[in-house]
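What follows is each chain in one-letter form.
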Amino acid sequence: ELSVGNKKRTNPQNAWIHGFLFPPAAKIMTKHLKMKITPKMAKYILKARCAVDYVPALDEWIQIDTRDMKTVRMMKFIEDCLKYMATKYGEYIAGPDDMNYNKIQQ
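All figures in this text were calculated on a predicted structure; none of them were measured in a lab. (Residues numbered from 1 in each chain as written. Predicted model: local features only at pLDDT ≥ 70, side-chain atom pairs only at ≥ 80, totals over all residues. Heavy atoms only, no water.)

A. How the structure looks around the pattern of salt bridges. This model, assessed by the stated rule, comprises 6 salt bridges. One salt bridge in this structure joins Lys47 and Asp65, with 3.7 Å as the shortest N-O distance. With a gap of 18 residues between them, Lys47 in helix α2 (residues 39-50) and Asp65 in the loop between β2 (60-63) and α3 (71-89) connect regions that are remote in the sequence. Relative accessible area serves as the criterion here: at 8%, Lys47 is assigned to the buried category. We note a salt bridge from Arg67 to Asp65, for which the minimum N-O separation is 3.3 Å. Overlapping salt bridges bring together Lys47, Asp65 and Arg67 as one network. (Salt bridge = Lys/Arg side-chain N within 4 Å of Asp/Glu carboxyl O. Helix = DSSP H or I, 4+ residues; strand = E, 2+ residues; numbered from the N terminus. Buried < 20%, exposed > 50% of the residue type's maximum accessible area, 1.4 Å probe, protein only.)

Following this line, the structure appears as structure tokens:
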């Protein structure tokens with residue numbers, strides 16, 4: 001749901017997806033699809049798959065921009081991306097629980 005959580009996603013969360021999610025996802029996709037996938041392309045693919053929420057009042061699925069996500073929704077996005085990569089490509093990307101957000105350089 002769009003309003004889950006009340007705090008805007010954190011800078012470390014944002015830094016993590018751009019440094020530790022999209023680049024390795026791009027490498028995995030490139031390997032499996034046998035075509036060059038950039039981190040930006042991986043971001044678009046993952047957002048299309050994992051940043052969509054059903055809005056009952058509209059009876060529609062809408063894509064949520066990561067910059068508009070609250071902290072709880074961002075955690076769900078990250079978790080869904082990791083599950084998607086493991087399910088579709090059979091490859092593991094270490095999640096943020098495996099590292100300390102505070103060690104990520106801003």
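B. Expanded view of the packing of aromatic side chains. Applying the stated criterion across every chain yields a total of 2 aromatic pairs. Seen from their ring centres, Tyr54 and Trp61 are 5.4 Å apart, and the 55° between their planes marks the pair as tilted. By relative accessible area, which is 59% here, Trp61 ends up exposed. An angle of 85° between the planes, with centres 6.4 Å apart, marks the rings of Tyr84 and Tyr89 as edge-to-face. When sorted by exposure, Tyr84 lands in the same class as Tyr89, which is buried. (Phe/Tyr/Trp six-rings, centres within 6.5 Å; stacked < 30°, edge-to-face > 60°.)

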